[in-house]
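Geometric and topological summary
Listed below are the residues making up each chain.
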Amino acid sequence: MIRNLFCAAALAAALPSFAAAQLTSQSIEEKNLISGKAKIEPDSGYIYVSGPFRQNALLLRLPDETTVAAYEKDWAEALAKVQKKYPAKLKSWEQRAAIARQTKAKNATIPEKPIEPTAENFAIGAIELRDPVSFGPQYVFAKSESPESYSYLTKVKPGRYAYYGPIFVAGGGAMAGFCYCMGTVAFEVKPGVITDTGNFFLVGPGLDPDFPPPSTPLAGSEAGLYRPQNLGSQHGPLRFGVPESLKAFPYAEADFRAYGKLDNFYGLSVGRMPPVPGVLAYDRDKIVDLKAGAAAAGSGGE
Amino acid sequence: MPNRYVSVAIVATCFSVTATNAGAQAIKPPVPMQHFTADEVAAVAVPDTAFEATPADVETYDKYFYFHRDSTDFDTAYNDISECDAVSSGINFYGGGDSYMTNYYIGQYGLAGAAGGVIGSAVADAIFGSAERRRIRRINMRNCMGFKGYDRYGMEKERWQAFHFEEGFGRVKDEKRTGYLMKQARVASGPKPGAEVLPK
């Protein structure tokens, strides 16, 4: 029932995306870890997720110095390539434009002059899309019927990750769902450590007082409106903990911190993570880091 | 409400990565806030928002609506609407990339895969169609402007079309777009409408 509701909500908001995600993550199943087919490696990071029903999400690894250096290198190489091609492109345009000017056909139009590639106008895509990570709803780590539970273990590149939203990534990379473009959380994933996010993504966020849940499910023209449900009241409390099969490995609870806005890279429905007590709040659309506030208060700061 | 958390830190809303000088232009800066002179604002014609609502008008308020927020100046309203327009349309606003120019160079020079991610999802669009994309844009504008605390008001279709646009697969040209957004900002920062405030 719960799963059906969840799926219905996801489908109601099933929004096509402009772009396809090229994922850099890998799902691990418990049986493969036990059999030795899969391993916990010291150089990789691991994100563990649990909850009473299937979940799906997209996370973005926030660029670090290595990402920036690689991005700049790719950008410079690509810019050099297009700059080399530009003179031939311009010449071709000049010829086509001259022919168009000479033609007497009524519908002849002068083709648009190509833009000269410069460092200012040249772009190769958003740097935040270098390491997208997805999990669910299939490829669970483990599941049980009583109580009903599903968990996911995802091997990722170590680093800091922003939760981009409850987004379904289909085969081929097409997506549907909500991006938490206008406010979310981020957390660190250390190498060789299983970062336990527990059921946070489901029950951590609460209601948003300015956007009360509707009395009936949103449908038709209103599907996709931001009206968060308080899943914590139905499926809470917030719970962390890894199963026996993971206890032999280093693991740690994720430390969630408020994170700022992110572009709607994939053309999804725009939302935000609902407020999370002690972690994330909003002052209109400004993101408020409650942990930073608590730390400042504890140290006597403003 | 806006001052509820005055004592806690407000997270920077802009993406920031330390880039080296050599590559500073690779990572694009966020869109800067635009400022307008009093003359420039005065030159923007104020759209006509007064009308006698019919039951047929009310039925289409999910499509035809505009925004207003008290005590908001034109610059703030314009930048808020521009931000929501960019986020709703899937255009980079917070910095890091430039989706418009990326798509241009991909199209012109075949650079797909240079940075990953920007590949048209033709299958999804074939299933849902342009009408669905227009609907999503409306929903995204409602969500985004709702987050910013703007109230929503219903509008009669013809008047709405005088300063709004719909957007499906194609992209409305920048000049037309900016003109419409400026008119919307004039209304959003103008006198409080007498009409009923609709749900966000």
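Analysis parameters
Residues numbered from 1 in each chain as written. Chains lettered and ligands numbered in written order. Predicted model: local features only at pLDDT ≥ 70, side-chain atom pairs only at ≥ 80, totals over all residues. Helix = DSSP H or I, 4+ residues; strand = E, 2+ residues; numbered from the N terminus. Buried ≥ 20, exposed ≤ 12 C-beta atoms within 10 Å, placed from the backbone. Pairing = 2+ DSSP bridges. Contact = placed C-beta atoms within 7 Å. Expected span 1.5 Å × (residues − 1). Arc of directions from axis to C-beta. Axes fitted to C-alpha atoms, helices over the stretch in contact; angles between N-to-C directions. Parallel < 35°, antiparallel > 145°, perpendicular 65-115°, else oblique. Left-handed = near helix turned anticlockwise from the far one by under 90°. Nonpolar A, V, L, I, M, F, W, Y, C, P; charged D, E, K, R; others polar.

Let's shift gears to the overall build of chain B. Secondary structure assignment for chain B yields 7 helices and 3 strands. For chain B, the residues scored as buried account for 37% of the 200 residues in total.

Take the overall build of chain A next. Looking only at helices and strands, chain A has 6 helices and 16 strands in total. Per-residue burial for chain A yields a buried fraction of 41% across its 302 residues.

Residues and elements named next belong to chain A. Taken together, the 3 strands give an open sheet; going across it, the order is 8-9-14, and neighbouring strands pair in mixed fashion. Where the open sheet ends on each side, the last strands, each with one partner, are strand 8 (167–169) and strand 14 (269–270). Inspection of the sheet shows strand 8 paired to strand 9 (residues 175–179) by 3 bridges, in the antiparallel sense. Bridge pairing links Phe-168 to Ala-176 in strand 9.

Residues and elements named next belong to chain B. The topology assignment puts Gln-184 in helix 7 (residues 174–188). Sequence spacing of Gln-184 and Val-44 is 140 residues, and the spatial spacing of their C-alpha atoms is 9.9 Å. Ignoring sequence-local partners within four residues, the contact set of Gln-184 consists of Tyr-66, Ile-81, Phe-163 and His-164.

The next subject is unusual backbone geometry. Residue and element names in this part refer to chain A. Geometrically, the link from Gly-136 to Pro-137 is a cis peptide bond, its omega value of -5 degrees lying close to zero. Residue position: Pro-137 is located in the loop between strand 4 (132–135) and strand 5 (142–145). Looking along the chain, the bond that leaves Ser-146 and enters Pro-147 is cis, with omega of 0 degrees. If you trace the backbone, Pro-147 turns up in the loop between strand 5 and strand 6 (148–156). The phi dihedral of Tyr-139 is positive, around 55 degrees, even though this residue is not glycine.

Each α-helix turn comprises 3.6 residues. Residues three or four places apart therefore point the same way. All names here are of chain B. Across its 16 residues, helix 3 (residues 74–89) extends 22 Å between first and last C-alpha, which sits within 8% of the 22 Å expected from 1.5 Å per residue. For helix 3, the buried fraction is high: 12 of the 16 residues fall into the buried class. Among all positions in helix 3, only Phe-74, Ala-77, Tyr-78, Asp-80, Ile-81, Ser-82, Glu-83, Cys-84, Asp-85, Val-87, Ser-88 and Ser-89 are buried. The positive-phi residue at the C-terminal boundary of helix 3 is Gly-90, with phi of around 75 degrees.

With that settled, the discussion passes to helix 4 (residues 99–109) of chain B. Listing the buried residues of helix 4 of chain B in full gives B:Ser99, B:Thr102, B:Asn103, B:Tyr105 and B:Ile106. Take helix 4 of chain B and look down its axis: the buried residues cluster within an arc of 165 degrees, on one side only. Where the residues of helix 4 of chain B are buried, they touch helix 3 (65–102) of chain A.

As a further point, take the pairing of strand 2 (residues 45–51) of chain A. Residues and elements named next belong to chain A. Within strand 2, 7 of the 7 residues are buried, which leaves the element mostly enclosed by the surrounding structure. Side-chain alternation along strand 2 places Gly-45, Ile-47, Val-49 and Gly-51 on one buried face and Tyr-46, Tyr-48 and Ser-50 on a second face that is also buried. Where strand 2 meets strand 6, 7 bridges bridge the pair, whose relative direction is antiparallel. Residue Ser-50 lies in a different strand from strand 6, and its bridge partner there is Ser-151. Alignment of strand 2 against strand 11 (residues 194–196), held across 3 bridges, turns out to be parallel. Paired with Tyr-46 across the strands is Ile-194, a residue of strand 11.

Quick look at the sheet that holds strand 13 (residues 257–259) of chain A now. Strand pairing in a sheet is mediated by backbone hydrogen bonds. Such pairs are either parallel or antiparallel. Residues and elements named next belong to chain A. Taken together, 5 strands build an open sheet; the order of strands is 4-3-7-10-13 and the sheet is antiparallel. The open sheet has two edge strands, strand 4 and strand 13, and neither has a second partner. Averaged over all neighbouring strand pairs, the angle between strand axes comes to 35 degrees, with direction disregarded.

Moving on: the packing of helix 3 of chain B against helix 7 of chain B. All names here are of chain B. Running from N to C, helix 3 and helix 7 cross one another at 130 degrees; their axes reach a closest spacing of 8 Å. On the basis of their axis angle, the class for helix 3 and helix 7 is oblique. Read as a crossing pair, helix 3 and helix 7 show a hand that is right-handed. Each of Phe-74, Ala-77, Tyr-78, Ile-81, Ser-82 and Asp-85 in helix 3 lies in contact with helix 7, whose residues at this interface are Leu-181, Met-182, Gln-184, Ala-185, Arg-186 and Ala-188. Counted by class, the contact of helix 3 with helix 7 contains 8 nonpolar, 2 polar and 2 charged residues.

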